[in-house]
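# An overview of the molecular structure
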Amino acid sequence: MLRAAAVIEKLGIPTASIIGSGFLKQAEVITKGLGVPLAIGVYPGAPMVDSEEVLARKVEETLAPGLLMGLTGEAPRAADAKAEPAAGQVVFSGTFDEVQEHFHRQLWTDGLPIVPPTRERIDAFLAYTERKPDSVIRAVPQEGREASTLSIAVTGVMAGCRPEYMPVLIAVIEAMCDPAFRIEDCGSTPGWEPVVIVNGPIVKELDFNCGQGMMRVGRQANTSVGRFVRMFLRNICGYRIPPGAGDKGSIGQSFLVAMAEDEETAREIGWPTFAQDRGFAPGENVVTVHSVVAITSPIYSGGDRAVDHVQQWAEVMGHSFTYWAHTGFKTGLWNPLIVAGPSIAKAIAGEWSKDEVRRYLYEHVKVTAERATHYARMTSTPTFSLEGLVKDGILPPEYAASSDPQRLINVIIKPEMIGILVAGDPGRNQSRAYMGNHMQGPPTSRRVELPRDWAQRIKAKI
Amino acid sequence: MTHPNPPTTREPHYDVLWPLSRKAVKATAAAPRIPDLNGKTIAEVWDAILRGDTIYPLVREYIKARFPRAKFVGYDEFGNFHGAREREIVAALPDKLRAHRIDAAIVGVGA
């Protein structure tokens, strides 16, 4: 929200922004990154739970006077910027424990011990890319810091990655820096988490787990790449939970270990891989970053017909995701991701293509218009209207096909928004589905650039 | 804080690099304020969440009580800058603000 205020303020028009008191620390971090001081009027507490009377009193006594002062009083001034070290500068020397304490006090860790980022370790990472350490992908919200090659290497070291993961880490940050991914929304209150999905020969070469226990902490590649993402968001972007600030995930969730696809099974059953669905050629090394705001229970399904399994997916996804789908309706976008167990995928693929699966889910997961509207209004949007969203061209016409509040509408906006990944336990009949957070963190992919001598270097590692 | 396992002098020392990166933020001063809002036009810019439809009229009333000749342009004129069209709407703001000859803006609600 403050991004819009900054645009206006930079035009030379004074602004005053309405901020809930619970957002003040985040506002402070964001304002520094925007580069213009902003006046704020504070609404004490949470407006969504106040009565009309209480709300009116808070506006009269606190918010409105603050806004008026912001427009008519002294212009806000930026806090004095603290001098910072140069990139690549040694900032501390000490034992392992002393390093941990120092980093912990500076809010540079995620609460777990980090691998000390020494020059030697960082150089080992940089040796896996032809990019210069000071090359910058872009400056990233919220603090406006540079996503540089060096920052990726330092964060990779700290997160416990191996140097040879560096090409993957660069591709991950490139994807997250794509404007379509909306890295500026990684600290929003739903507390969504990016998950990395890996495709291509590097799944095996780097020992990613795409089988049983794929989403457990425990395999170095999956675990440390997942931890890297959260640590990058914390240190380079500035998304920190208290006693820091910037990450406003109200409850939030832990980092997600990276996913990888069981491409052998996908090929065997004749389904395109997840990366092929996203337009890449077979055999290309690709990472995709995808927001996850909710996860279903494990979905067990039995039978030798495709419908036996996909019907079960539809039911469980419907129960788990219907409530939050209104956020997708507001933005015209949300992406479900199904991790199909290999045995299940095999049973389905005997009869249906992936597109047929998508079509079935699209047609069978439903909610009444009345419930979707109710959920939206409870969350934050008092003016939510399916008819209005259709009129604005955000939703397809069928969402306003009648005025009956009990009419059933599709929870999934378009079949092609569904991602399907084959992975998990080949010895069990289990799948699981993941929900993206509307237009925040839609699946965004990048090809992994490997160094020219990759094959020899990986061979030498094995 | 005392560490539960105090280090011994035999332990290696690590020279560690700064784990953050350079800030690339160009600082701009805030716009001059307007002590007298009489005769000025104030834009209401809303992201369509968190009861702004109730809050904005109350704020408008409060300001009008102190500056009776202040004028307001409602949030419908500017669009929801938090929704599906966020980037287009923010990009269009400068032209819309100029078209309405806006002198000041109230932006909400959230962070």
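Residues numbered from 1 in each chain as written. Chains lettered and ligands numbered in written order. Predicted model: local features only at pLDDT ≥ 70, side-chain atom pairs only at ≥ 80, totals over all residues.

## Observations regarding the overall build of chain B
For the record, the criterion: Numbered from the N terminus, helices here are DSSP runs of H or I no shorter than four residues, and strands are runs of E no shorter than two. Any residue surrounded by 20 or more other C-beta atoms within 10 Å of its C-beta is treated as buried, while 12 or fewer makes it exposed and the intermediate range makes it partly exposed; C-beta atoms here are placed from the backbone.
Each helix and strand in chain B was counted, giving two helices and four strands. Reading the secondary structure of chain B in the N-to-C direction produces β-β-α-β-α-β. Along the first, second and third principal axes, the C-alpha set of chain B runs to 75 × 30 × 30 Å. The buried share of chain B, reckoned over its 111 residues, is 39%.

## Things to note about the overall build of chain A
Under the convention used in this document: For a compact globule the rule gives 2.2 Å times the number of residues to the power 0.38, and the radius of gyration it is set against comes from C-alpha atoms. By definition, residues are in contact whenever their C-beta atoms, placed on the basis of the backbone, come within 7 Å of each other.
Looking only at helices and strands, chain A features 18 helices and 16 strands. In terms of C-alpha radius of gyration, chain A reaches 24 Å, essentially the compact-globule figure of 23 Å for 462 residues. The principal-axis extents of the C-alpha atoms in chain A amount to approximately 70 × 65 × 35 Å. Contacts in chain A between residues far apart in sequence, at least 24 positions, make up 79% of those at least 6 positions apart.

## Comments concerning the sheet that holds strand E4 (residues 104-108) of chain B
Using the following cut-off: Think of it this way: DSSP has to see at least two bridges between two strands before they count as a pair. Note on geometry: axes are lines fitted to C-alpha atoms, helical ones only across the stretch in contact, with angles between N-to-C directions running from 0 to 180 degrees.
Taken in spatial order, the five strands line up as E2(A)-E1(A)-E4(B)-E2(B)-E3(B) in an open sheet, and their pairing is parallel. A strand with exactly one partner marks an edge of an open sheet, and here the two such strands are strand E2 (39-43) of chain A together with strand E3 (71-73) of chain B. Neighbour-to-neighbour, the strand axes of this sheet turn through a mean angle of 25°, independent of strand direction. In the packing of helix H1 (residues 2-10) of chain A onto the sheet, contacts are made with strand E1 (15-20) of chain A together with strand E2 (41-46) and E4 of chain B, and the angle to E1(A) comes to roughly 170°.

## Focus: the confidence of the model for chain B
Applied cut-off: What pLDDT conveys is the predictor's confidence in a given residue, as a value from 0 to 100.
On average, chain B scores 91 in pLDDT, and the residues at 70 or more come to 91%. Strand E1 (residues 14-17) of chain B holds the highest mean pLDDT among the elements of chain B, 98, whereas helix H2 (residues 86-99) of chain B holds the lowest, 95.

## What to know about unusual backbone geometry
A negative phi angle is the norm for most residues apart from glycine, just as the trans form is the norm for most peptide bonds. Residues and elements named next belong to chain A. Backbone torsion omega between Pro141 and Gln142 reads 5°, so that peptide bond is classified as cis. With respect to the secondary-structure elements, Gln142 resides in the loop between strand E4 (136-140) and strand E5 (145-148). Looking along the chain, the bond that leaves Pro242 and enters Pro243 is cis, with omega of 10°. Inspection of the secondary structure assignment puts Pro243 in the loop between helix H9 (220-237) and strand E7 (259-260). Phi at Arg182 takes a positive value of approximately 65°, unusual for a residue other than glycine. Note on placement: Arg182 falls in the loop between helix H7 (166-177) and strand E6 (193-199).

## Structural notes on the interface of chain A and chain B
We apply this condition: Three categories are distinguished: nonpolar for Ala, Val, Leu, Ile, Met, Phe, Trp, Tyr, Cys and Pro, charged for Asp, Glu, Lys and Arg, and polar for the others, with Gly belonging to the last.
On the side of chain B, 60 residues touch chain A, which itself brings 86 residues to the contact. Counting residues per element, the side of chain A that touches chain B draws most heavily on helix H3 (residues 52-72) of chain A, which supplies 10 residues. A breakdown of the residues in the side of chain A that touches chain B according to their chemical character gives 48 nonpolar, 25 polar and 13 charged. Of the pairings in the sheet, the one linking E1(A) to E4(B) comprises three bridges and is parallel in character. The partner of Thr15(A) across the bridge, within E4(B), is Ala105(B).

## Here we look at the domain arrangement of chain A
Residue and element names in this part refer to chain A. What counts is decided by this rule: Those domain boundaries reflect an automatic or database domain assignment.
Per the domain assignment, the segments making up chain A are domain 1 (2-72) and domain 2 (95-261 + 444-462). Its C-alpha centre places domain 1 at a distance of 34 Å from the equivalent point of domain 2. Contacts between the two partners involve nine residues from domain 1, matched on the other side by nine residues from domain 2.

## Description of the packing of helix H5 (residues 119-126) of chain A against helix H6 (residues 149-159) of chain A
In a pair of packed helices, the angle between the axes and the distance between the axes together describe the arrangement. Residues and elements named next belong to chain A. Cut-off, in case you're wondering: Left-handed describes a crossing whose near helix is turned anticlockwise from the far helix through less than a right angle; right-handed describes the clockwise counterpart.
Viewed as axis vectors pointing N to C, H5 and H6 meet at an angle of 115°, and their least axial separation amounts to 9 Å. Considering how the two elements wind past one another, H5 and H6 form a crossing that is right-handed. For the pair H5 and H6, contact is made by Arg121, Ile122, Phe125 and Leu126 and by Thr149, Ala153, Val154, Gly156 and Val157, respectively. Classifying every residue of the contact of H5 with H6 gives six nonpolar, two polar and one charged.

## Remarks on the sheet that holds strand E8 (residues 286-292) of chain A
Residues and elements named next belong to chain A. Read from one edge to the other, the open sheet built from four strands follows the order E7-E6-E8-E16, with strand pairing classed as mixed. With one partner strand each, in any of the chains shown, E7 and strand E16 (444-447) form the two edges of the open sheet. Sheet topology note: the E8/E16 ladder contains four bridges and is antiparallel. Within the sheet, the bridge partner assigned to Val289 lies in E16 and is Thr444.

## A word on the nonpolar core
Under the convention used in this document: Core membership is restricted to buried Ala, Val, Leu, Ile, Met, Phe, Trp, Tyr and Cys residues, and these are joined into a nonpolar core through C-beta atoms within 7 Å.
By size, the foremost hydrophobic cluster in this structure holds 117 residues, and its most contacted members are Val168(A), Val172(A), Val196(A), Val198(A), Met259(A) and Val287(A). In this structure, Leu67(A), Leu71(A), Leu37(B) and Ile102(B) belong to the second largest nonpolar core, which totals 55 residues.

## Some thoughts on the environment of Arg162(A)
With respect to the helices and strands, the residue Arg162(A) is situated in the loop between H6 and H7. Sequence spacing of Arg162(A) and Gln312(A) is 150 residues, and the spatial spacing of their C-alpha atoms is 39 Å.

## Details of the environment of Val292(A)
Residue and element names in this part refer to chain A. Inspection of the secondary structure puts Val292 in strand E8. Take Val292: there are 19 C-beta atoms within 10 Å of it, and that puts it in the partly exposed class. When the C-alpha atoms of Val292 and Gln253 are compared, they prove to be 9.6 Å apart, with 39 residues separating the residues in sequence. Excluding anything up to four places from it in sequence, Val292 contacts Trp192, Glu193, Val195, Leu256, Tyr434, Met435 and Gly436.

## Overview of the environment of Ile344(A)
Residue and element names in this part refer to chain A. Within the secondary structure layout, Ile344 lies in helix H14 (residues 342-349). Overall, Ile344 belongs to the buried group, with 29 C-beta atoms counted inside 10 Å. Along the backbone, Ile344 and Pro426 are 82 residues apart, and their C-alpha atoms lie at a distance of 8.5 Å. Setting aside chain neighbours within four positions, we find Ile344 in contact with Ser301, His309, Asn429 and Ser431.

## Re the packing of H6(A) against H7(A)
Residue and element names in this part refer to chain A. Note the following rule: Relative orientations are named as follows: roughly parallel for angles under 35 degrees, roughly antiparallel for angles over 145 degrees, roughly perpendicular for angles from 65 to 115 degrees, and oblique for any other angle.
Running from N to C, H6 and H7 point in directions that differ by 120°, and their axes come no closer than 10 Å. It follows that H6 is oblique to H7 by the angle criterion. Judged by the twist between their axes, the crossing of H6 over H7 is right-handed. Packed against H6, whose contacting residues are Thr149, Ile152, Ala153 and Gly156, the element H7 presents Met166, Leu169, Ile170 and Ile173 at the interface.

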